[in-house]
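Here are the chains, one letter per residue:
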There are 2 protein chains.
Amino acid sequence: MSADERRTQLVEAAIQVMCRDGVAGATTRAIVAEAGVPLGVFHYCFRSKEELLQEVLETIVGRGLHAALSTVGRRRTPRAAMRASLRALWEVVEKNPEEHLVTYELTQYALRQQGLAALARRQYDHYVTSNVRYFEALADATGVRWKKPLPFVARLVATQLDGITLRWLVDRDTEQALAMLDACVDQVLSLTRPARVTGRS
Amino acid sequence: MSADERRTQLVEAAIQVMCRDGVAGATTRAIVAEAGVPLGVFHYCFRSKEELLQEVLETIVGRGLHAALSTVGRRRTPRAAMRASLRALWEVVEKNPEEHLVTYELTQYALRQQGLAALARRQYDHYVTSNVRYFEALADATGVRWKKPLPFVARLVATQLDGITLRWLVDRDTEQALAMLDACVDQVLSLTRPARVTGRS
DNA sequence: GTCTATAGGAAGATAGAC
DNA sequence: GTCTATCTTCCTATAGAC
């Protein structure tokens, strides 16, 4: 097995351990045990544990594990489309609560480490750009126009999703989470003008 | 010095250490060093480190360190009043970034610990009830009426503040944070009807 | 109650045989 | 490269003198 495969294997194992036991529980020993490799392997794949954690963070960011809007469904109104997108996203959240909890833990870990704060920023910017793409697609599909800069709208939604997700991780109140998602839709729609013509481009 | 004073002394020291070095850095040694007491003191004040952490969490929750609305200023319109309240709250956040970061870390710590999840829930409920009281006062002062149940409005705002704060801790973009606070005001106002009579009760 | 000294274990990292 | 055995350090917790 190549050294590079080994690295990804350990990164995946680390993520699994983190989901189960938290970031604090992801010791080098727990990680290699999860991967089924001897302890010594760790240090000829990674210079240090911090190097592994950095790669874990990059992997999670790249994977877009966190809550960000993606595909626009084929719906009539912007409201129906965005509502459906948010519901789809929310299913992902509720299916992998641990993974999302890990994301929050890693963000905070990054904020505490000198030099990793930039990674946390990249992570959060990633959500915004994803949402920008989404809203461009939504405008394209439904013809809505924006009253505010798209990056601002995207940021608003990313931030709300962040808060809603964290809240849900605490109390697991799905009903309230869905209600807040709907409120988020209303808020975004209040920042739009109706389509100039009712057709699509 | 009484045993009870010692406990609070250590709890305060723990909070200070956590602000500086994070929850992970708050070892028993670091805490007693911060408090200026010998290591042995720790274990005749607390049965274990977990017992201390629990008291730290309760202290922070009770103190309402986290973002929740409080006093209603004397303003003409609901918009001006709520905007001022949010700005006041935001000043507190920006003055103590570390303390707020600690709050997030502790929440996640609690979510990982068997039996402490209830404390995290209490913590988050606390923000909602604070906001409920605030909005009651706001209605009282300005005469606005609510289209949605007050607990829902309160929860919405608590969740948004949570997201906005976390986002700001990552990128420290004050301008964007303030813009999102304003959007939050608009959202809340869209859930109100204007006052029946323009005077106050 | 108070504090020193130390136990006992787990952590990250390495040395060195193969 | 691979893995075992070990080093060093730091942790929580306790034992026991005062």
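Residues numbered from 1 in each chain as written. Chains lettered and ligands numbered in written order. Predicted model: local features only at pLDDT ≥ 70, side-chain atom pairs only at ≥ 80, totals over all residues. Heavy atoms only, no water.

1. Structural notes on the protein's contact with DNA strand D
Turning to step 1, where the next piece is worked out: Neighbouring DNA strand D are the residues Arg6, Pro38, Gly40, Val41 and Tyr44 of chain A together with Thr27, Thr28, Arg29, Leu39, His43, Ser48 and Lys49 of chain B.
Turning to step 2, where the next piece is worked out: The sugar-phosphate backbone supplies 58% of the atoms of DNA strand D found within 4 Å of the protein.
Turning to step 3, where the next piece is worked out: One of the side-chain nitrogen or oxygen atoms of His43 of chain B is found 3.1 Å away from a phosphate oxygen of DNA strand D. (Near = heavy atom within 4 Å. Polar contact = N/O pair within 3.5 Å; in protein donor to acceptor, adjacent residues only side chain to side chain.)

2. Re the interface of chain A and chain B
Turning to step 1, where the next piece is worked out: The interface is formed by 39 residues belonging to chain A together with 39 residues belonging to chain B.
Turning to step 2, where the next piece is worked out: For the pair chain A and chain B, the summed buried area comes to about 3,400 Å², and 60% of that belongs to carbon and sulfur atoms.
Turning to step 3, where the next piece is worked out: The largest per-residue losses of area from chain A upon contact with chain B belong to Arg112, Arg155 and Arg167 of chain A, which jointly make up 24% of the total buried on that side.
Turning to step 4, where the next piece is worked out: At the surface where chain A touches chain B, the tally comes to 6 salt bridges.
Turning to step 5, where the next piece is worked out: Measuring nitrogen to oxygen at the nearest pair gives 3.3 Å for the salt bridge that ties Arg167 of chain A to Asp125 of chain B.
Turning to step 6, where the next piece is worked out: Taken together, the connections running from chain A to chain B amount to 16 residue pairs in polar contact (both at pLDDT 80 or more).
Turning to step 7, where the next piece is worked out: For the side of chain A that touches chain B, the secondary structure elements donating two or more residues are α1 (3–21), α6 (97–112), α7 (117–142), α8 (150–171) and α9 (174–189) of chain A.
Turning to step 8, where the next piece is worked out: Top contributing element to the side of chain A that touches chain B by residue count: α8 of chain A, with 13 residues.
Turning to step 9, where the next piece is worked out: When grouped by side-chain class, the residues that make up the side of chain A that touches chain B number 19 nonpolar, 8 polar and 12 charged. (Contact = heavy atoms within 4.5 Å. Buried area = accessible area lost by both parts, 1.4 Å probe. Salt bridge = Lys/Arg side-chain N within 4 Å of Asp/Glu carboxyl O. Helix = DSSP H or I, 4+ residues; strand = E, 2+ residues; numbered from the N terminus. Nonpolar A, V, L, I, M, F, W, Y, C, P; charged D, E, K, R; others polar.)

3. Concerning unusual backbone geometry
Residues and elements named next belong to chain A.
Turning to step 1, where the next piece is worked out: Despite not being glycine, Arg172 has its phi angle at roughly 55°, a positive value.
Turning to step 2, where the next piece is worked out: Counting through the fold element by element, Arg172 comes out in the loop between α8 and α9.
Turning to step 3, where the next piece is worked out: We classify Arg172 as partly exposed; its relative accessible area is 44%. (Buried < 20%, exposed > 50% of the residue type's maximum accessible area, 1.4 Å probe, protein only.)

4. Let's talk about the domain arrangement of chain A
Residues and elements named next belong to chain A.
Turning to step 1, where the next piece is worked out: Partitioning chain A into structural domains gives domain 1 (3–62) and domain 2 (65–193).
Turning to step 2, where the next piece is worked out: Domain 1 puts 12 residues into the contact, and the matching count from domain 2 is 16 residues.
Turning to step 3, where the next piece is worked out: Between domain 1 and domain 2, the buried area comes to about 1,400 Å², and carbon and sulfur atoms account for 77% of it.
Turning to step 4, where the next piece is worked out: Of all residues in domain 1, Leu57, Ile60 and Val61 bury the most surface against domain 2, accounting for 43% of the area lost on that side. (Domains from an automatic or database assignment.)

5. Some details on helix α9 (residues 174–189) of chain B
Residues and elements named next belong to chain B.
Turning to step 1, where the next piece is worked out: With 16 residues, α9 should reach 22 Å at 1.5 Å per residue; the first-to-last C-alpha distance of 23 Å fits that figure.
Turning to step 2, where the next piece is worked out: Among the residues of α9, Ala177, Met180, Leu181, Ala183, Cys184, Val185, Gln187, Val188 and Leu189 are the ones counted as buried.
Turning to step 3, where the next piece is worked out: If you check the start of α9, you find a side-chain oxygen 3.3 Å away from the backbone N of Glu175, and it comes from Asp173. (Expected span 1.5 Å × (residues − 1).)

6. So, the environment of Ile60 of chain B
Turning to step 1, where the next piece is worked out: Summarising the element assignment, Ile60 of chain B is placed in helix α4 (residues 49–63).
Turning to step 2, where the next piece is worked out: Those residues in contact with Ile60 of chain B, other than ones at most four positions away along the chain, are Ile15, Leu65, Val102, Thr103 and Leu106 of chain B.

7. Things to note about the packing of aromatic side chains
Turning to step 1, where the next piece is worked out: For the structure on display, the rule yields 10 aromatic pairs over all chains.
Turning to step 2, where the next piece is worked out: Between Tyr134 of chain A and Phe135 of chain A the ring centres are 5.3 Å apart and the planes differ by 70°, which places this aromatic pair in the edge-to-face class. Just as Tyr134 of chain A is buried, Phe135 of chain A falls in that class too.
Turning to step 3, where the next piece is worked out: Ring plane angle 80° and centroid distance 5.8 Å describe the contact between Trp90 of chain B and Trp168 of chain B, whose orientation is recorded as edge-to-face. In this pair, Trp90 of chain B is assigned in helix α5 (residues 78–95) and Trp168 of chain B in helix α8 (residues 150–171), connecting sequence segments 78 residues apart. Across this residue pair, the class does not change: Trp90 of chain B and Trp168 of chain B are buried. (Phe/Tyr/Trp six-rings, centres within 6.5 Å; stacked < 30°, edge-to-face > 60°.)

8. Considering the protein's contact with DNA strand C
Turning to step 1, where the next piece is worked out: Residues in contact with DNA strand C amount to 13 residues; listed here are only the nearest, Thr28, Arg29, Leu39, His43 and Lys49 of chain A.
Turning to step 2, where the next piece is worked out: Among the residues forming the surface near DNA strand C, the class breakdown is 5 nonpolar, 5 polar and 3 charged.

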